[in-house]
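Coordinates in review
Spelled out, the chains give:
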Amino acid sequence: MHQITVNGLVVDVVRKKIKNLHLAVYPPNGRVRVAAPLHIDDEAVRLAVISRLAWIKRQQARFESQDRQSEREYISGESHYYQGNRYLLNVIYHEASPKVILRSNTHLDLFVRTGSDTYQRERMMLTWYRQQLKEAIPALIAKWEANIGVEILEWRIKQMKTKWGTCNIEQRRIWLNLELAKKSERCLEYIIVHELMHLLERRHNDRFIGFMDQYLPQWRILRAELNQAPLAHEDWGY
Ligand SMILES: [Zn+2]
């Protein structure tokens, strides 16, 4: 993948064995990605992007407003994700400790004290997400420390805006994004492998990619799954 800039817009360009040029705008920031057939050069990609500029701006604007609307209220009927699946939230007010129960493969019950506000409901959900990750992470870290032959001193779950994970090589510490609780466990595993791999190679260079290919050959599919759900996309022939 490489990047070109078109009228101030940064565009990720990937060449693939495909017939048509494929343009997509992705959340969360309206990233623009073009998948181009092998024989299409950057100049042709540039022209194609220019011809779709108005459309791209519209998608980005739409996403920005969607993002604002998608502020969660933690009320019954709202969709929430856990381990890659969508659940309908069912809020139950009671006079006992708050808890979350995965009632079925479609419904999530959130029990909170009567009178709980949005912030309290959210806090309970985030506590539950954190507990789920805390249970899942140690076995995955142990498995991959052994596989790769590295050892970390500490891991933490953090709320992060722009990254799925980070690795502090000197401290041998990894941070994992709380949002990963909403993604499938194989995505969580991919991020853990990626961060542990930084203990072998600091940068995202060919050597790093070589290690990823060696230890987790399907990592590109998992990365795509993590960053999936493009806001909008369009194909056109060439
Ligand atoms: Zn990295």
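Above this text sits the structure in question.
Here's a quick rundown of the structure. (Residues numbered from 1 in each chain as written. Predicted model: local features only at pLDDT ≥ 70, side-chain atom pairs only at ≥ 80, totals over all residues. Heavy atoms only, no water.)

1. Here's the deal with the pairing of strand S1 (residues 2–6)
Applicable threshold: DSSP-based pairing: two strands are paired if at least 2 bridges between them are found. Strands are runs of DSSP state E lasting at least two residues, helices are runs of H or I lasting at least four, and both sets are numbered from the N terminus onward.
Sheet analysis places S1 next to strand S2 (residues 9–16), joined by 5 bridges and oriented antiparallel. For Gln3, the partnering residue across the bridge sits in S2 and is Asp12. Between the end of S1 and the start of S2, which pair antiparallel, lie 2 residues, with Asn7 showing a positive phi angle near 50°.

2. Re the sheet that holds strand S11 (residues 173–177)
The cut-off we apply is this: As a rule, the C-alpha atoms of each element are fitted with a line to give its axis, helices using only the stretch in contact, and angles between N-to-C directions run from 0 to 180 degrees. Contact definition: two residues touch when any of their heavy atoms are within 4.5 Å.
Sheet architecture is open: 3 strands sit in the order S9-S11-S10, paired in mixed fashion. At either margin of the open sheet sits one strand with a lone partner, and together these are strand S9 (154–158) and strand S10 (165–168). The average undirected angle you get between the axes of adjacent strands in this sheet is 15°. The pairing of S9 with S11 spans 5 bridges and is classified as parallel. Its bridge partner lying in S11, Trp155 is registered against Ile174. The sheet contacts of helix H3 (residues 118–148) involve S9 and S11, and relative to S9 the element is tilted by about 150°.

3. Describing the coordination of the zinc ion
The criterion, for reference: Only N, O and S atoms count as donors, using a 2.8 Å limit from the metal and a wider 3.2 Å limit for Na, K and Ca, and since water is excluded some coordination spheres may look unfilled. In this scheme, a residue with accessible area under 20% of its type's maximum is buried, one over 50% is exposed, and one in between is partly exposed, where area comes from a 1.4 Å probe on protein chains only.
The coordination sphere of the zinc ion, as far as protein atoms go, consists of His194 (NE2), His198 (NE2) and His204 (NE2), spread over 2.0 to 2.1 Å. Of note, the donors binding the zinc ion are all from one chain and are spaced H-x3-H-x5-H. When its relative accessible area of 8% is taken as the criterion, His198 is described as buried.

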